[in-house]
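# Coordinate inspection notes
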Amino acid sequence: MSYNSNYHSVFDISYHMIFCIKYRREVINDEISNRLKEIFEKICPKYNIVLKEWEHDVDHIHMLINAMPNTELSKFVNTYKSASSRLIKKEFPEIRGRLWEEYFWSRSYLVVSVGGAPLEIIKKYIQNQKEV
C-alpha cells in the first residue's frame, strides 16, 4: 500500500463524492460532464485534492478523490459548485430551460470515506454507474 506524506504526517485519505443536479433534472451529457471535470481539476490543486476517478449519469456525478489532512472539503464543494454552476449555465445556455429556477446543483451532496474499502472496487463502481 502506498501513502502520501507531507512534512509532518503520512496519510491516505480517499473519498467517494456524489453531486446531484437540483431536483435531479436530466441535464448532464458527455460534453457537459467533460467540462464539469475540467473545472473540477482546475480547482482541485487549490484545496490539495487529486481526482482519481470521474463518471456521470444524466442527473449526477461521481468522483473518487484523494485529499490531505488539512483539506477543507466543505469549502471546496462550495467553491466548485458555485464556479461550475456559473460557467456551465454560461457555456451551455440551452440547459437553462431544463433547470429549476436557474439552480444547477442541489445544495446537498454525498461524501463517504473509502479508506476501508479496496479502491479498485470503488473505481469499478464509479465507472459502472452509467450501466445501472
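The structure this text deals with has already been given above.
Note that the coordinates shown come from a computational prediction; the quantities given were computed from them, not determined experimentally.

Glancing now at the nonpolar core. The biggest cluster of nonpolar side chains holds 29 residues, and the ones touching the most others in it are Leu36, Phe40 and Tyr80. For this core, the leading source of residues is helix 2 (residues 73–91), giving 6 residues. The contact partners of Phe40, leaving out residues within four places of it in the chain, are Phe19, Leu51, Trp54, Met63, Ile65, Phe76 and Tyr80.

Moving on to unusual backbone geometry. We note that Asn48 has phi near 55°; this positive angle belongs to a residue other than glycine. Mapping Asn48 onto the fold places it in the loop between helix 1 (30–43) and strand 4 (49–56). Classification of Asn48 as partly exposed rests on a relative accessible area of 32%. Positive phi, normally seen in glycine, also occurs at Glu101, with a value near 50°. With respect to the helices and strands, Glu101 occurs in the loop between helix 2 and strand 6 (105–113).

Definitions and cut-offs
Residues numbered from 1 in each chain as written. Predicted model: local features only at pLDDT ≥ 70, side-chain atom pairs only at ≥ 80, totals over all residues. Heavy atoms only, no water. Core = buried A, V, L, I, M, F, W, Y, C linked by side-chain atoms within 4.5 Å. Buried < 20%, exposed > 50% of the residue type's maximum accessible area, 1.4 Å probe, protein only. Helix = DSSP H or I, 4+ residues; strand = E, 2+ residues; numbered from the N terminus. Contact = heavy atoms within 4.5 Å.

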